[in-house]
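Understanding the architecture of this molecule
As a plain string of letters, each chain reads:
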Protein chains: 2
Amino acid sequence: MLIKETQAVLHQRMDEVLRPLGLNVAQYACLRALHDSPGITSSELARRAFVSRQSMNVLLQGLVQRGLVERSDQPGPRRELAASLSGPAVALLDEAHGQVAGIVNRMTEKLDGERLVQLRDSLAACRDTLTASEG
Amino acid sequence: MLIKETQAVLHQRMDEVLRPLGLNVAQYACLRALHDSPGITSSELARRAFVSRQSMNVLLQGLVQRGLVERSDQPGPRRELAASLSGPAVALLDEAHGQVAGIVNRMTEKLDGERLVQLRDSLAACRDTLTASEG
DNA sequence: TCCGTCATGTCAATAGTTTGACACATCGTC
DNA sequence: GACGATGTGTCAAACTATTGACATGACGGA
């Protein structure tokens, strides 16, 4: 499938540029989601990354040990532990985001603005249609 | 990322319709590649599926035990063992392909022909650009 | 109020994948 | 013919992720 191939190659390129920063694609996506939605829970993070809660938890523990994320010690209403980015994490995430943006720019350099907008719209339409027809 | 989300949802839907047939997405992709290119080797199969040779080998062994693929007993020039589909496999693959085609049709039902062609072209352009700029 | 449901976090066990390494065989070059 | 490079298959170990299960705490309806 064309979508799968494109995503696989993009994943490889992202992994190549993120490895020197000590991150993999899953960790980058986790930090990015944490930056966009501070105080999010581990389970919600797992849902957005399409992995199980347990995997996201071990990933989070690794990031906590490296001092990149901090989890609140006092649980919330539903026993959840809010997670947030640390100071050095935002700098690292900025660096990683720049690298990834470079990849995306190279990927879409052959497409003009019109085509790029249509690509985004079409992909979003496909995603929404599939998510709606679950079961 | 939009591409990743779309691919993830598509992967989930494919897994849902392939599970009743006793297949997962990796096995379906393997059978499909084997149908398009009969006599292909395990390593080439692994490259196309973006997995390691070892993973593809255990996947192939499972398919061999189920009588879906057959590997030639006499190695070729480079010690390779050609793999080919068995009789029941093509029927199963046809059934699976119909299910997947239904998913894809539902996914792209919101797009007219023009948009669909542009989507394919844009994705192919992105993939080719990324594969060209390896390193 | 009581109980069923849902949601989160965590543990143990299992399955699947990758990494690293080795043996074998061919091709190209000298 | 000899040698290194390349490509394939296979083994063992390590890692990653998933499945299944359990405890805890809050919400909602009878």
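In the block above lies the structure referred to throughout.
Residues numbered from 1 in each chain as written. Chains lettered and ligands numbered in written order. Predicted model: local features only at pLDDT ≥ 70, side-chain atom pairs only at ≥ 80, totals over all residues. Heavy atoms only, no water.

Bringing the interface of chain B and chain A into the picture now. Each side of the interface is counted separately: chain B has 40 residues, and chain A has 40 residues. At the boundary of chain B with chain A, total buried surface from both sides reaches about 4,200 Å², with 71% on carbon and sulfur atoms. When residues of chain B are sorted by the area they lose upon contact with chain A, B:I3, B:F50 and B:L130 head the list and together hold 16% of the total. Between the two partners, chain B and chain A, sit 2 salt bridges. Between B:E5 and A:R127 there is a salt bridge, with its nearest N and O atoms 2.5 Å apart. One can count 6 residue pairs in polar contact (both at pLDDT 80 or more) joining chain B with chain A. Taken together, the elements giving at least two residues each to the side of chain B that touches chain A come down to α1 (2-18), α5 (87-107) and α6 (113-132) of chain B. Among the elements that line the side of chain B that touches chain A, the one with the most residues is α6(B), at 14 residues. Of the residues contributing to the side of chain B that touches chain A, the split by class is 18 nonpolar, 10 polar and 12 charged. (Contact = heavy atoms within 4.5 Å. Buried area = accessible area lost by both parts, 1.4 Å probe. Salt bridge = Lys/Arg side-chain N within 4 Å of Asp/Glu carboxyl O. Polar contact = N/O pair within 3.5 Å; in protein donor to acceptor, adjacent residues only side chain to side chain. Helix = DSSP H or I, 4+ residues; strand = E, 2+ residues; numbered from the N terminus. Nonpolar A, V, L, I, M, F, W, Y, C, P; charged D, E, K, R; others polar.)

Structurally, the position occupied by B:T108 is in the loop between α5 and α6. Within the structure, the side chain of B:T108 is placed 3.0 Å from the backbone oxygen of B:V104, a separation counted as a polar contact. Leave out the neighbours within four places in its chain, and B:T108 touches A:C126 and B:L116.

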